[in-house]
Amino acid sequence: MVTKPGIAPALALTGVNYAYPTAEAPALRDVSFELSTGEFVLLAGRSASGKSTLLRAACGLVPHFHGGEIEGRIEVAGIDAIASGPGELAAVVGYVAQDPETQVVSTTVSAEIELPLEMRGDPPASRARAVEEVALALAIPHLLERAVDTLSGGELQRVALAAALVTRPRLVLLDEPTSQLDPVAGDELIWLLRRLNEEWGVTVLLAEHRLERCLAAADRVIAMASGSVGFDGNPRDFLTWAQDADSALETPAAKLFSLAGIEPLPVGVRAARKTLSSSEHRGKGSRTPSSLNLFGGEESAGRERIAEKVQDVRRGSGSPSTVAVAVRDLWVELSRSDEERRDVLRGIDLTVGRGERVALMGRNGAGKSTLLRTLAGLTDAVRGKIALRSEIALLTQNPSDYLVRERVGDELPGDAGQAALRVVGLEHAVDADPRDLSGGERQRLALAIALAGRMDGEALPGLVALDEPTRGMDRARKDDLVGLIGDLAGRGAGLLVATHDVEFAAAFAERVVLLGDGVVIADGPAAEVLSGGWYFATEVGRVLDLPGVITPKQGAEALRGSPGGSH
Amino acid sequence: MRSPFAYIPRPRPLQLASPSAAVAYLGSLVVVAFLYSNPFVLLAVGLSFVIAGRLAGAAAAVRAALWMGFTLALLIVVVNALVVSRGETVLARLGEWPLFGQVDVTLEAILAGLVLGLRAAVVMVAFAVYSACVDPDRVLRALRPIAGRSALTATLVSRLVPVAAADAARLRDAARLRGPGAAPVGRAPLARRLLAGSLDRAVDVAATLELRGYSLQSRDPNAGATFSLPQRGERRFTGGGQGRRSRYDRRFYAVGALVLSVAVIGKALGADAFSEYPATEIGVATITLAVAAVVALSGLAPLRRMPVGSHREPRWVRNAHATELGQGSPGA
């Protein structure tokens, strides 16, 4: 049965079961729900819970492109998605995948955005207008003439979104669209989607791991668990459900309230601040964020404590005996095209101590990856000095690039290989095929490959650098990574981790270096840097706006320590 | 950093030509490379691609392909010399080798290997010029009528080289970052990994193409025309569809037809005189040299004629003017 597109729900799934070819377990189990036109729905869940499969089924890639067996019924704007293919659904649904590099099929941005319209047979004038309008809506008209292989990850993600939106589809499906974006671009993208949702009436189904980034924008949350719908309701009820069902899905602000015993759980910063400053709470003796203070004392005491930490960090990292790497006046120039060259790093001074855990943050294109590549010798500096006390092991953004053989033991033969496997906790997987390992295990194996032979016995190299290691990771896997980083630092390696994930940085880093346009714009203890701003601050930091308070635990202590904080 | 094989839009004849015209021109030369074994003709084909690539602004791609091609040619010469023992002029008797048996290195086997290697190098340069000069976007659109139901086929034809080039750069970096205790990355595992990875990524790109409606029947058969708005005029040579033609198309079709005709006629008249064994004989008849000359000159097809009124004087003339005006010296 085909319903009229104007009346039909944007997406309707009824009793959908699906298994990939050769998969032992089904990826979707009895999934049923309906999305009305104009809804903004957040799809939550751990890694491998079925989120991406659900999105692929909604745009026709499952089963038409991926194969496998499917049961049940999927309708997109009244069109039977199982009977029709992705091509037929292209007019009513737009899809943005997790990795923007795999969703670019043209060489220039304008050609990429124009392609769906051309395939549909729109006349040239109409195509030109649609490209112009969507480019303006997404603030990318300046990119239209650029070649796609010169774009940053964030720019590429916007181009992919533009190509998905240019046909004005009724339903937009997004699979972790902010995973490669810096906090500023990530926030901008979510609110841009919200604006398009409100102004164009587009139904949005957004899968994300960083729920704190988009929960406040959502009308509804669907949480997947082992291929089934575990929860379907409004964001506030979702937080209550997550508190009991899966704490890995709790947002930091909800965890803060939960630890401090405050209700209702907040769906975002605004709601949290409103609750904290409400008359009801003030009446019970609670403090407004601006009047709360840290460590149970005066705010100035907290600031003094941070100032001491700053001094500690600078003293510790500067001591010659403990230095893992010292960079002085580093300049790096890269070319964007044959003609255009620009300074990506401009006079960087940086010292990382042994055993120190440093987060390297900044906007897309700020120079984080270039700095790591230059330290590892992949990119040449045009000026400056790098003093490495011993070797550096660098893990780039795609761990699969390190894996070229069919057996873990073949990648890491001999005593040096075994020692590296022990360090990352994979000594049991010697005979496994790297492709059979989980995403987290593959990352550990790649790190072991980078470490092998650079260790003196069991002692690690001076510096271990990781470039965006949390792409596509759920919170449970991030917690594992935090544990590994702590372990490596405990063994004496300096850890320099480039990341966009503020909450992850707060969890592992003792110091944060913030890059902006190739220069260091902030360098200090994580508690200081991640609590003093808006974009490069944790959700707890933004809720409480207290110096040094960046994690839910610290926030709950601050709330409890405040006079009358007896919730 | 961009791959030297990546397509860069330039307002030059080969890039401006429609994909079918460019493929007809480059393809005719590749056909000659497979049709002929005479080294003079093969060298002429190679020279033609080098000239064409340079005129089209793809000198970096030609250099990279020559380097790779000569490496491959050297490998072929060595393997052929060890595997083939035919030929009258024995240069060295290397005795019994496991798997190979009696190994006699002959001059004829080396020369035969050189011809095979030369052909492989010429084909690599041809693909380098194709990859760097023919717009994959337009190839994708041009393929739609014949491969509309198979986005994967279209992706493999138009995007595999750029995707593989990008992956190769990343894999090379990862290989350099391996610790000294990890197994070294041999060429074979790397090539396997590169091929598998590129195919996987090509499948992902094909999925995106499906989502963009590639397999749909277009409502308007002329929809491939490019932007008509004046402010998008500069995009005319970067985007556009399968229906757009270029004023250079006829030139490339004509040169391609001429090269093929001359090659076929020459072959019939004995221009491909070459035999490897038992003694190497290379024909240098007039007809062979004539075919080689036509093929080599066809490399000038992408030559751009300067627009009327934009004629620039040679540098020495400009310098002479400047000297007269007291602005510099001839040697400046």
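Please read these numbers as outputs of a predicted model, since none were measured by experiment. Within each chain, residue numbers correspond to sequence positions counted from 1 in written order. Chains and ligands are labelled sequentially in the order written, the chains with letters from A and the ligands with numbers from 1. Reporting of local features is limited, given that this is a predicted model, to residues whose pLDDT is at least 70; pairs of side-chain atoms are given and counted only at 80 or more, and all residues count toward the totals for whole chains, interfaces and linings.

## Let's talk about the domain arrangement of chain A
All names here are of chain A. Rules: As annotated, the domain borders come from an automatic or database domain assignment. What counts as a contact is two residues whose backbone-derived C-beta atoms lie within 7 Å of each other. A run of H or I in DSSP counts as a helix once it spans at least four residues, and a run of E counts as a strand once it spans at least two, with each numbered from the N terminus.
Taken domain by domain, chain A comprises domain 1 (1-92 + 170-250), domain 2 (104-168), domain 3 (255-304 + 543-567) and domain 4 (306-542). The interface is formed by 16 residues belonging to domain 3 together with 15 residues belonging to domain 4. Taken together, the elements giving at least two residues each to the side of domain 3 that touches domain 4 come down to helix 13 (299-318), helix 21 (539-544) and helix 22 (552-561). Top element by residues in the side of domain 3 that touches domain 4 is helix 13. It accounts for three residues.

## Thoughts on the confidence of the model for chain A
Note: predicted coordinates in regions of low pLDDT should not be interpreted at a detailed level. All names here are of chain A. The condition that has to hold: In predicted models, pLDDT denotes the confidence assigned by the predictor to each residue on a 0 to 100 scale.
Model confidence for chain A is summarised by a mean pLDDT of 86, while 89% of its residues fall at 70 or above. This model gives residues 1-5 a pLDDT under 50, and the stretch forms nine contacts once residues within four places in sequence are excluded. Here residues 282-298 is modelled with pLDDT under 50, and outside its nearest four sequence neighbours on either side it reaches 42 contacts, counting other chains as well.

## A short note on the interface of chain B and chain A
We count it as follows: By the convention adopted, Pro, Cys, Tyr, Trp, Phe, Met, Ile, Leu, Val and Ala count as nonpolar, Lys, Arg, Asp and Glu as charged, and the other residues, Gly among them, as polar.
On the chain A side, the residues contacting the 53 residues of chain B number 55 residues. Of all elements in the fold, only helix 6 (136-147), helix 7 (151-176) and helix 8 (187-211) of chain B reach the threshold of two or more residues within the side of chain B that touches chain A. Across the side of chain B that touches chain A, the residue classes tally to 24 nonpolar, 12 polar and 17 charged.

## Focus on the sheet that holds strand 7 (residues 171-175) of chain A
Residues and elements named next belong to chain A. Here is the rule we go by: Being paired, for any two strands, means DSSP has found at least two bridges between them. With axes taken as lines fitted to C-alpha atoms, and helix axes fitted only over the stretch in contact, angles between N-to-C directions fall between 0 and 180 degrees.
Taken together, the six strands give an open sheet; going across it, the order is 6-7-8-3-9-10, and neighbouring strands pair in mixed fashion. With partners counted over all chains shown, the strands left at the sheet margins are strand 6 (93-96) and strand 10 (228-233), one partner each. Between one strand axis and the next, the sheet turns by 15 degrees as a mean value, whatever way the strands run. As paired elements, strand 3 (residues 40-45) and strand 9 (residues 220-225) share five bridges and run parallel to each other. Bridging across to strand 9, Leu42 finds its partner in Val221. Across the sheet, helix 9 (residues 235-245) is in contact with strand 9 and strand 10; its angle to strand 10 comes to roughly 135 degrees.

## Observations concerning the packing of helix 4 (residues 109-120) of chain A against helix 5 (residues 124-137) of chain A
Residues and elements named next belong to chain A. This is how it is decided: Relative orientations are named as follows: roughly parallel for angles under 35 degrees, roughly antiparallel for angles over 145 degrees, roughly perpendicular for angles from 65 to 115 degrees, and oblique for any other angle. Two helices cross in a left-handed way if the nearer one is turned anticlockwise from the farther one by less than a right angle. They cross in a right-handed way if the turn is clockwise.
Two elements in contact, helix 4 and helix 5, have axes whose closest approach is 10 Å; the angle formed by their N-to-C orientations is 125 degrees. The orientation of helix 4 relative to helix 5 falls into the category oblique. The way helix 4 lies across helix 5 gives a crossing that is right-handed. For the pair formed by helix 4 and helix 5, the contact residues are Ser110, Ile113, Glu114, Leu117 and Glu118 on the first element and Arg127, Ala130, Val131, Val134 and Ala135 on the second. Grouping the constituent residues of the contact of helix 4 with helix 5 by class yields six nonpolar, one polar and three charged.

## Some remarks on the nonpolar core
To be explicit about the condition: A set of buried Ala, Val, Leu, Ile, Met, Phe, Trp, Tyr and Cys residues, joined to one another through C-beta atoms within 7 Å, is what we call a nonpolar core. For every residue, the other C-beta atoms within 10 Å of its own C-beta are counted; 20 or more classify it as buried, 12 or fewer as exposed, and values in between as partly exposed. C-beta atoms are placed from the backbone.
By size, the foremost hydrophobic cluster in this structure holds 269 residues, and its most contacted members are Ala58(A), Leu205(A), Ala448(A), Ala505(A), Leu530(A), Val125(B) and Val129(B). If you tally residues by element for this core, the top one is helix 5 (residues 107-133) of chain B, at 16 residues. Leave out the neighbours within four places in its chain, and Leu530(A) touches Val502(A), Ala505(A), Ala506(A), Val512(A), Phe536(A), Ala537(A), Thr538(A), Gly541(A) and Ile550(A).

## Some remarks on the pairing of strand 7 of chain A
When a strand is regular, its side chains alternate between the sheet's two faces. Residue and element names in this part refer to chain A. Applicable threshold: Here is how to tell: hold the view so the strands point away, follow the path from the first strand over the helix to the second, and if it runs clockwise the crossover is right-handed.
Counting buried residues along strand 7, five of its five residues qualify, which places the element largely inside the surrounding structure. Of the two faces of strand 7, the one holding Leu171, Leu173 and Asp175 and the one holding Val172 and Leu174 are both buried throughout. Here strand 6 runs beside strand 7; their pairing, made up of four bridges, is parallel. By the bridge assignment for strand 7, Gly94 is matched with Val172. In this sheet, strand 8 (residues 203-207) lies alongside strand 7 in parallel orientation, the contact comprising five bridges. Opposite Leu171, over in strand 8, you have Thr203 as the bridge partner. Each parallel crossover has a hand, and for strand 7 linked through helix 7 (residues 183-200) to strand 8 it is right-handed.

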